[in-house]
Amino acid sequence: MYELALEKFSGPLNLLLDMVEEKRLSINEISLSEVADQYIAYLKALEESSKEELASFLVIASTLMLIKSRSLLPSLKLTEEEEVDIKELEDRLKMYKFFKEISLKLGGIGKLKNHLFGREAYAGMSYFFSPPEKISAENLKKAISDVLEILPKVNDLPEDIVERAVSLEEKMAELKERIEHSFSHVFSGKTKIKDEEKVDVIVSFLALLELIKQGFLIFEQKRLFDNIEIKKYE
Amino acid sequence: MNNLEKNIEALLFVSGEGMSISKISEIFGKNDGEIEESIAVLKDHLEKDHHLAILRDGDRVSLVTSAEASKTVEEFAKEEFSGELTKSGLETLAVIAYKGPIKRSEIDYIRGVNSSFMLRNLLIRGLIERVRDPKDQRSYVYRISADFLKFLGITSISDLPDYGSFAQKLEDFVSSKSTEVQG
Amino acid sequence: MNNLEKNIEALLFVSGEGMSISKISEIFGKNDGEIEESIAVLKDHLEKDHHLAILRDGDRVSLVTSAEASKTVEEFAKEEFSGELTKSGLETLAVIAYKGPIKRSEIDYIRGVNSSFMLRNLLIRGLIERVRDPKDQRSYVYRISADFLKFLGITSISDLPDYGSFAQKLEDFVSSKSTEVQG
């Protein structure tokens, strides 16, 4: 379980980068699959956070689940779009790392306090009454309406992020289905398992256990030798 | 110029209104005579190579533009302080009109940008004035000047169109400030 | 220095916040190239003989104290750099400094979080500026301000660490194939 407090992280990329770096890993698909469990476990601690905050973490969690599932179950076919998502997450994390390092450097430079100072504008200039000719009370009213119109609302929630978070649930359901499908031909017992497929069976079974351990899936065997049923954890 | 002379100049540059010799001596840990000598060197250098000068007023010295630059400076002032206000100038003025007397931090908060430069401009043009905050003598508040009010042809600020409702909306926004997350 | 150079300095001295090259050209009836040349001469002179410097922010130039004078003048300057910057604040500034002018959506994408409150905070502190996107007049882009450079103690954005080779470095960073062995 990840013990650090949320306040330490400025966002999901920050959290993910921290996990990868803590293991002294470089950023790639393998390292991301290694920290996926940890990341997803951490999300559970975030349930109390604001909807938007949670949403941005969930979007990345969905890609991590894909990575994890594939690492455990190589037979799982990913769509082209999902492949792009995985590559994109890697690139984003690398870019984020780059800027984070720069920001630490900037912070260091700021701490040196070698600030440069300007001269106060118009210092020493005496004031003289010179109103703009066209100004009127009506202009002022128009200007203040403009100001009021663009005042930020405290609870502005960007809708696209929330939408993406909603679709995450669908994605999880869909992924589960594909995993079940992928298992069904392996474990159905209808086909004889060839030697070269045995490795796949073992890997798949490990994957199944891993996913159950993570709480993604539960399985049920009503009687000894009955079919094993895989269910989504409710 | 030596290091001390350069630093005295930099100090006068940022201080705006200038400083007393004794204050400068104290800052650099020198006696007044040494500071006077440095200022003499600075003065000579400025005369030779710059259109800046040392202005002496009793014990006080300040850095100013010299007479040779006066035409340039006047030209600049004419450009800067005549003609219509920019959109952001007008907005700043409107916030002060409808919400004044108001602190600079509140103006910045409402407009969502730093207003210090704009305030200087409006002050020099005599459209607003800066007074001590009656609630906190250490800070300042801004309000519309009497000259400008007269220019608008109204006798009281509350005669501005829809004054009551706009002032209230601004007040509501400013009082929500404490709930905002700080970065 | 010649007359033009001295007058440009006097103008920057008075304006405080600095001016665009084109504005200075207009005031002196010269073309931008001539003004750029004069500013180069002024810059060299200040570096050699003063603790003052020319700060360059896009097409704007201003007169500031140099880093050598920071400790001396800090206490007496009218402007102050209030408060520490948080990690998120520095992160946002880094993205804007190296990738700006940049849209909010792009900043959000790079940081992985919604940056609107942070941007507002940095705008109010005067460390960044918001301007209309030249490619799309309906939207805005963010860029760093002269005050940000002053805060860091540099006179040009090109003095930022690795700024010159930045684009190449970022590309190397991102496109390095994900085949590396784990460390």
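As the structure is a computational prediction, the values presented were derived from the model and not from experiment.

Caption draft 1: Structural view of the overall build of chain A. Each helix and strand counted, chain A has seven helices and two strands in total. Reading chain A from its N end, one meets helices and strands in the order α-α-α-α-α-α-α-β-β. Buried positions account for 47% of the 234 residues belonging to chain A. Within chain A, counting contacts between residues at least 6 apart in sequence, those at least 24 apart form 58% of the total. Of the roughly 13400 Å² that chain A leaves accessible, carbon and sulfur atoms contribute 54%.

Caption draft 2: How the structure looks around the sheet that holds strand β1 (residues 19-20) of chain C. All names here are of chain C. Taken in spatial order, the three strands line up as β1-β3-β2 in an open sheet, and their pairing is antiparallel. Both edges of this open sheet fall to β1 and β2 (52-57), since each of them pairs with a single strand only. Sheet topology places β2 next to strand β3 (residues 60-65); six bridges connect them, and they run antiparallel. In the sheet register, D57 faces β3, and the bridge partner there is R60. Seen against the sheet, helix α1 (residues 3-15) touches β1, β2 and β3 and runs at an angle of roughly 80° to β3.

Caption draft 3: Region of interest: the interface of chain A and chain C. On the side of chain C, 59 residues touch chain A, which itself brings 50 residues to the contact. Taken together, the two surfaces of chain A and chain C that pack against each other cover about 4800 Å², and 62% of this comes from carbon and sulfur. Looking only at chain A, the three residues that lose the most surface to chain C are F99, L116 and F117 of chain A, adding up to 18% of its buried area. At the junction of chain A with chain C, the criterion picks out one salt bridge. Note that D162 of chain C is salt-bridged to K105 of chain A, the shortest N-O span being 2.9 Å. Where chain A touches chain C, the interface holds 14 residue pairs in polar contact (both at pLDDT 80 or more). Of all the secondary-structure elements, those providing two or more residues to the side of chain A that touches chain C are α1 (12-22), α2 (29-44), α3 (51-72) and α4 (80-111) of chain A. A class-by-class count of the residues in the side of chain A that touches chain C yields 21 nonpolar, 11 polar and 18 charged.

Caption draft 4: Quick peek at the domain arrangement of chain B. The domains assigned to chain B are domain 1 (3-68) and domain 2 (84-182). The gap between the C-alpha centroids of domain 1 of chain B and domain 2 of chain B is 36 Å.

Caption draft 5: Structural context of the pattern of salt bridges. All names here are of chain A. Applying the stated criterion across every chain yields a total of 24 salt bridges over all chains. For R70, the salt bridge identified is with E29, shortest N-O distance 3.0 Å. With R70 in helix α3 and E29 in helix α2, the pair connects residues that are 41 residues apart, well separated along the chain. One connected set of salt bridges, linked through shared partners, spans E21, K97 and E101.

Caption draft 6: How the structure looks around the pairing of strand β4 (residues 128-133) of chain C. All names here are of chain C. Strand direction decides the pairing type here: β4 and strand β5 (residues 136-144), joined by six bridges, are antiparallel. If you follow R132 over to β5, its bridge partner there is Y140. Hairpin connection from β4 to β5: two residues lie between these consecutive antiparallel strands.

Caption draft 7: Just the interface of chain A and chain B, in detail. Taken together, the contacts link 32 residues of chain A with 41 residues of chain B. A per-residue breakdown of the area chain A buries against chain B is headed by R119, Y122 and L140 of chain A, which together make up 21% of the total. Inspection of the region where chain A meets chain B yields two salt bridges. Among the ionic pairs, E120 of chain A bridges to R120 of chain B, the shortest N-O distance being 3.3 Å. Counting every contact that joins chain A to chain B gives 11 residue pairs in polar contact (both at pLDDT 80 or more).

Caption draft 8: A look at the side chain of K6 of chain C. Residue placement: K6 of chain C occurs in helix α1. One buried charged side chain, K6 of chain C, makes no salt bridge at all; its nearest oppositely charged neighbour is D49 of chain B, positioned 5.4 Å away.

Caption draft 9: Up close: helix α7 (residues 116-124) of chain B. Residues and elements named next belong to chain B. The buried fraction of α7 amounts to seven of the nine residues, a majority that puts the element mostly inside the structure. Burial in α7 covers these residues: M118, L119, R120, N121, L122, L123 and I124. Directly after α7, the chain includes G126, whose backbone phi takes a positive value near 75°.

Scoring rules and cut-offs
- Residues numbered from 1 in each chain as written.
- Chains lettered and ligands numbered in written order.
- Predicted model: local features only at pLDDT ≥ 70, side-chain atom pairs only at ≥ 80, totals over all residues.
- Heavy atoms only, no water.
- Helix = DSSP H or I, 4+ residues; strand = E, 2+ residues; numbered from the N terminus.
- Buried < 20%, exposed > 50% of the residue type's maximum accessible area, 1.4 Å probe, protein only.
- Contact = heavy atoms within 4.5 Å.
- Areas by Shrake-Rupley, 256 points an atom, 1.4 Å probe, with all protein chains shown as cover.
- Pairing = 2+ DSSP bridges.
- Axes fitted to C-alpha atoms, helices over the stretch in contact; angles between N-to-C directions.
- Buried area = accessible area lost by both parts, 1.4 Å probe.
- Salt bridge = Lys/Arg side-chain N within 4 Å of Asp/Glu carboxyl O.
- Polar contact = N/O pair within 3.5 Å; in protein donor to acceptor, adjacent residues only side chain to side chain.
- Nonpolar A, V, L, I, M, F, W, Y, C, P; charged D, E, K, R; others polar.
- Domains from an automatic or database assignment.
- Lys, Arg positive; Asp, Glu negative; His and termini not counted.

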